[in-house]
Amino acid sequence: MSDILIVDDERDIRELISDILQDEGFTTRLAGNSDQAMAEVTKELPALMILDIWLKDSNMDGIDILKAVKRDYPDVPIVIISGHGNIEIAVAAIKQGAYDFIEKPFNIDQLLVVIRRAMETSRLRRENTALKRQDNTVAEMIGDSAAFRTMLSQLEKVTKSNGRVMLSGPSGVGKEVAARYIHANSNRASGPFHTVSCAGMEPDRVEEMLFGRESGERGVEPGLLEQASGGVIYFDEVADMPLATQSKILRVLVDQQFQRVGGNDKVRVDLRVVSSTSRNLESEIAAGRFRQELFHRLNVVPIEVPSLEDRREDIPLLAEFFIELLHKTQGLTKREISDEAVAMMQTMVWPGNVRQLKNLIERVLILGDGNGPIEAHELAGSDAKPSEEGRVVLSGTLATLPLREAREAFEREYLLTQINRFGGNISRTANFVGMERSALHRKLKSLGVVTTNKAGARVARVEADEGADTEQAG
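Residues numbered from 1 in each chain as written. Predicted model: local features only at pLDDT ≥ 70, side-chain atom pairs only at ≥ 80, totals over all residues. Heavy atoms only, no water.

Considering the pairing of strand S3 (residues 48-52)
Filter applied, for reference: When a residue's accessible area, from a 1.4 Å probe over protein chains only, is under 20% of the maximum for its type it is buried; when over 50% it is exposed; and in between it is partly exposed. Only runs of H or I of at least four residues qualify as helices and only runs of E of at least two qualify as strands under DSSP, and these elements are numbered from the N terminus. The pairing criterion for strands is at least two bridges between them, as found by DSSP. Orienting the strands away from the viewer, one traces the path from the first strand over the helix to the second; a clockwise path indicates a right-handed crossover.
For S3, a buried count of five out of five residues is recorded, marking the element as mostly surrounded by other parts of the structure. Alternating positions in S3 separate into two faces, Leu-48, Ile-50 and Asp-52 on one and Met-49 and Leu-51 on the other, with burial throughout. Pairing of strand S1 (residues 3-7) with S3, which is carried by four bridges, proceeds in the parallel orientation. Its bridge partner being in S3, Val-7 is matched across the sheet by Leu-51. Relative to strand S4 (residues 78-82), S3 runs parallel, the two being bridged by four bridges. If you follow Ile-50 over to S4, its bridge partner there is Val-79. Viewed along the sheet, the connection from S3 through helix H3 (residues 62-72) into S4 turns out right-handed.

In C-alpha cells:
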C-alpha cells in the first residue's frame, strides 16, 4: 500500500512532490482544494496524505481537513506542510493527529525520510490492530450430552445472521465461550470481538469507555463500540448495566451511530450485539432496574446455556479438554483420570459450573500426586481421603433415621445421582449399579423417582417435586 494523496493549492508544488515520489516508487493522487481532497479520500483511502495548511479558494483549510480525516480514518498518517510555519501551527497540527510538520521550502531528502517513517508506523499499527483482532481466547464447544447438543444447534443457527443474541444461564456455564463461538463461526470472524463487563462499569468513565473521546490535547480516542465496528460487541452480565447507560445503548442500537465525548460529529458503526445474563431480566424490568425497550432490542434470539448439573455426561470430556489446555498453555503435567475420579466428578455439586471444574482440574494438576492417573481423593483435598478402614461417614440427618427410612433415603439419592450422571439413560444406569433394567424400573417407582425434560435432556427428580411435564423413569 503506497498510494499518497498530495493536497496543495499550488500546482507546481504538488506536481513536483508527485514526480519525486513516483521516482521513488510511490503512486500519487493530487488535489488542489478541500473539496477535491475529501472526494479523493472518500473514493479510496490513501496510505498517506501530504497536506498544505493554507488552501486558497477552499471551504476548509488544512487543519479542518486533518480533523475530518482523523475523525473518520484515524489510521491514515498525515504530513503537514506549510510556507507560513510557526511553532503554534505545528503544535496545533500534531495535537490534531498529524504525524509530522514540515516547513516550506522543504528539503526533499527530509520529506522522503518523514514519509517512509510515517508509512512504516502506519503499517505497524495496522499489523498490531490485525493481531489484536486475532482473538486467541478458547472458543471451543466441548460436549456430547443432549442438553449441550440442543444449545449447540441453536448457536449454529444464529452464526450466519446478524441477529442479536441473549445468552442466559447461571454464572460459570460458559456464556462468553458461546458468544465467541458465534463470532468465530460468523461472517464477522475476521472482525474484532470486544467484551464489555457491565458489572465493572464505572459511572464516571462509562461513556468514554463505550463512545470514546475527542479533545484538542489528545485528539480522537475511539471507544469500545467504535473499536468493535465490523465485528461483535459482547455485553457480559447486561443486567448490571447502569440505567443511564442503558438508554444511551438503546439509542445506539436504534441509530447505529453516536457522538464521542467532547465531539460534535456522528460516528457510524456496524455492530453485532451479543449479551448475557445470569439474572431474570423480566424480574429486573418489573423492579425498575432494566429498561423494557432495551430488553426487547437485545433479546431477539434467546439461547439458554445449560448448567453443568444439566450436562453431567460432559464432565469427563471437559476435564480431559482442560487437562490438555493447561498442559499446552501452562506446561502442567498431562495426566489421565481414573474411573473413580470420573464417577466422583459426575456426582459432585457444581455451583460454579464449568469455571469451577476448570479451577479444580488446574488445582489438581498443580498440587497433585505425580504423573499417575488423577484419583478420587485428590478432587476434594486431603480431608476427603478414604480412611484405612474404608468406612463411609453418615450425614447427621441420615444417622438419625430408622434403618428402613435411612435405606430408602440413601437408595433414592444414590439412584437420582446415577441417573443424572448418565444423562437420564436408564440402561446405562442399570448396567453401572448392577441391576436388571426391569428391576431398576420397579425400584424407581417404589422410591417415587421420575424423569423430566430439562434443557433437552432427561433429568431425574423425586415425584413430589415435579410439575406436569414428568413421566415414570424409563
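Side note on the pattern of salt bridges
Keep this limit in mind: By convention in these notes, a salt bridge is any Lys or Arg side-chain nitrogen within 4 Å of a carboxyl oxygen on Asp or Glu.
Under the definition given, this model contains 29 salt bridges. Where Glu-226 meets Arg-260, a salt bridge forms, and the shortest distance between an N and an O atom there is 2.7 Å. Of this pair, Glu-226 sits in helix H9 (residues 224-227) while Arg-260 is found in the loop between strand S11 (257-259) and strand S12 (266-268), placing the two residues 34 residues apart along the sequence. Both residues of the pair, Glu-226 and Arg-260, count as buried. Residues joined in a network through salt bridges with shared partners are Asp-3, Arg-29, Glu-40 and Lys-43.

Concerning the nonpolar core
We apply this condition: To qualify as a nonpolar core, a set must consist of buried Ala, Val, Leu, Ile, Met, Phe, Trp, Tyr and Cys residues joined through side-chain atoms within 4.5 Å. In what follows, a contact means two residues having at least one pair of non-hydrogen atoms within 4.5 Å.
In terms of nonpolar packing, the biggest core is built from 30 residues, with Leu-210, Leu-225, Ile-233 and Phe-235 touching the most fellow members. Top contributing element to this core by residue count: helix H10 (residues 243-255), with four residues. The contacts of Leu-210, once residues within four sequence positions are left out, are Val-196, Met-201, Gly-223, Leu-224, Leu-225, Glu-226, Phe-235, Thr-245 and Ile-249. Grouped together as the second largest cluster of nonpolar side chains are 25 residues, Phe-321, Ile-337, Val-354 and Val-364 included.

Quick notes on empty space enclosed by the protein
The test is simple: Note on definitions: the grid is 1 Å and covers protein atoms alone; a cavity is a set of points where a 1.4 Å probe fits but cannot get out; a pocket is an open set with protein on both sides within 12 Å along at least five of seven lines; lining residues have an atom within 4 Å of a point. Grid points are joined across faces, edges and corners, and a volume is the space filled by probe spheres set on the points.
Tallying each qualifying case throughout the model produces one cavity of 30 Å³ or more. Of the pockets and cavities examined, the largest cavity occupies roughly 60 Å³. As for the largest cavity, its lining consists of 11 residues, of which Asp-310, Arg-311, Asn-420, Gly-423 and Arg-458 are closest to the centre. Element by element, the count of residues in the lining of the largest cavity is highest for strand S16 (residues 457-462), at three residues.

Focus on the packing of helix H6 (residues 146-158) against helix H7 (residues 175-184)
Stated formally: Fitted lines through C-alpha atoms serve as axes, helices being fitted only where they are in contact, and the angles separating the N-to-C directions of these axes extend from 0 to 180 degrees. Each angle receives one of four descriptions, namely roughly parallel if under 35 degrees, roughly antiparallel if over 145, roughly perpendicular if within 65 to 115, and oblique otherwise. Each helix crossing is assigned a hand: it is left-handed if the near helix lies turned anticlockwise from the far helix by less than a right angle, otherwise right-handed if that turn is clockwise. Residue classes follow a fixed rule: Ala, Val, Leu, Ile, Met, Phe, Trp, Tyr, Cys and Pro count as nonpolar, while Asp, Glu, Lys and Arg count as charged, and any other residue, Gly among them, counts as polar.
Contact geometry of H6 with H7 gives a least axis separation of 9 Å together with a crossing angle of 40°. Between H6 and H7, the angle is such that the two are oblique. Considering only the axes of H6 and H7, their crossing is right-handed. Note on element contacts: H7 touches H6 through Ala-178, Tyr-181 and Ile-182, opposite Leu-152, Leu-155, Glu-156 and Val-158. Of the residues in the contact of H6 with H7, the class split is six nonpolar, no polar and one charged.

Points about the confidence of the model for the protein chain
Caution is warranted with low-pLDDT regions, since their predicted coordinates should not be read in detail. Heads up, the rule is: Confidence of the predictor in every single residue is expressed as pLDDT, which spans 0 to 100.
Per-residue pLDDT for the protein chain has a mean of 85; in total, 89% of the residues score no lower than 70. Strand S17 (residues 470-472) is the least confidently modelled element of the protein chain, averaging 48 in pLDDT, while strand S6 (residues 165-168) averages 97, the highest of any element. Here residues 382-390 is a poorly scored stretch, pLDDT under 50, and it has two contacts once near neighbours within four places are set aside; other chains count. In the predicted structure, residues 465-474 sits below a pLDDT of 50 and forms 26 contacts with residues beyond four places in sequence or in another chain.

Some points on the side chain of Arg-421
Our working definition: When charges are counted, Lys and Arg contribute as positive and Asp and Glu as negative, whereas His and the chain ends are disregarded. Any N or O atom pair separated by 3.5 Å or less is treated as a polar contact, with the protein-specific requirement of one donor-capable and one acceptor-capable atom, and with residues adjacent in sequence counted only for side-chain atom pairs.
Its location among the elements puts Arg-421 in helix H18 (residues 403-421). As a buried residue without a salt bridge, Arg-421 has its nearest oppositely charged side chain in Asp-339, at a separation of 7.4 Å. Only 2.5 Å separates the side chain of Arg-421 from the side chain of Gln-346, close enough to count as a polar contact.

Let's talk about H18
What sets the pattern is the α-helix's 3.6 residues per turn: residues three or four places apart point alike. The condition that has to hold: Given the number of residues in a helix, its expected span is that number minus one, multiplied by 1.5 Å.
In this model, H18 (19 residues) spans 26 Å end to end at C-alpha, consistent with the 27 Å of a helix rising 1.5 Å per residue. The set of residues buried in H18 consists of Ala-406, Glu-411, Leu-415, Leu-416, Gln-418, Ile-419, Asn-420 and Arg-421. Positive phi shows up at Gly-423, right after H18, with a value of about 60°.

Structural notes on the sheet that holds S1
The five strands lie next to each other as S2-S1-S3-S4-S5, forming an open sheet whose pairing is parallel. If you trace the sheet from one side to the other, it starts and ends with strand S2 (27-31) and strand S5 (100-103), each paired once. Neighbour to neighbour, the strand axes of the sheet diverge by 20° on average, direction disregarded. Here H3 sits on the sheet and contacts S3 and S4; the angle it forms with S3, its principal contact strand, is near 155°.

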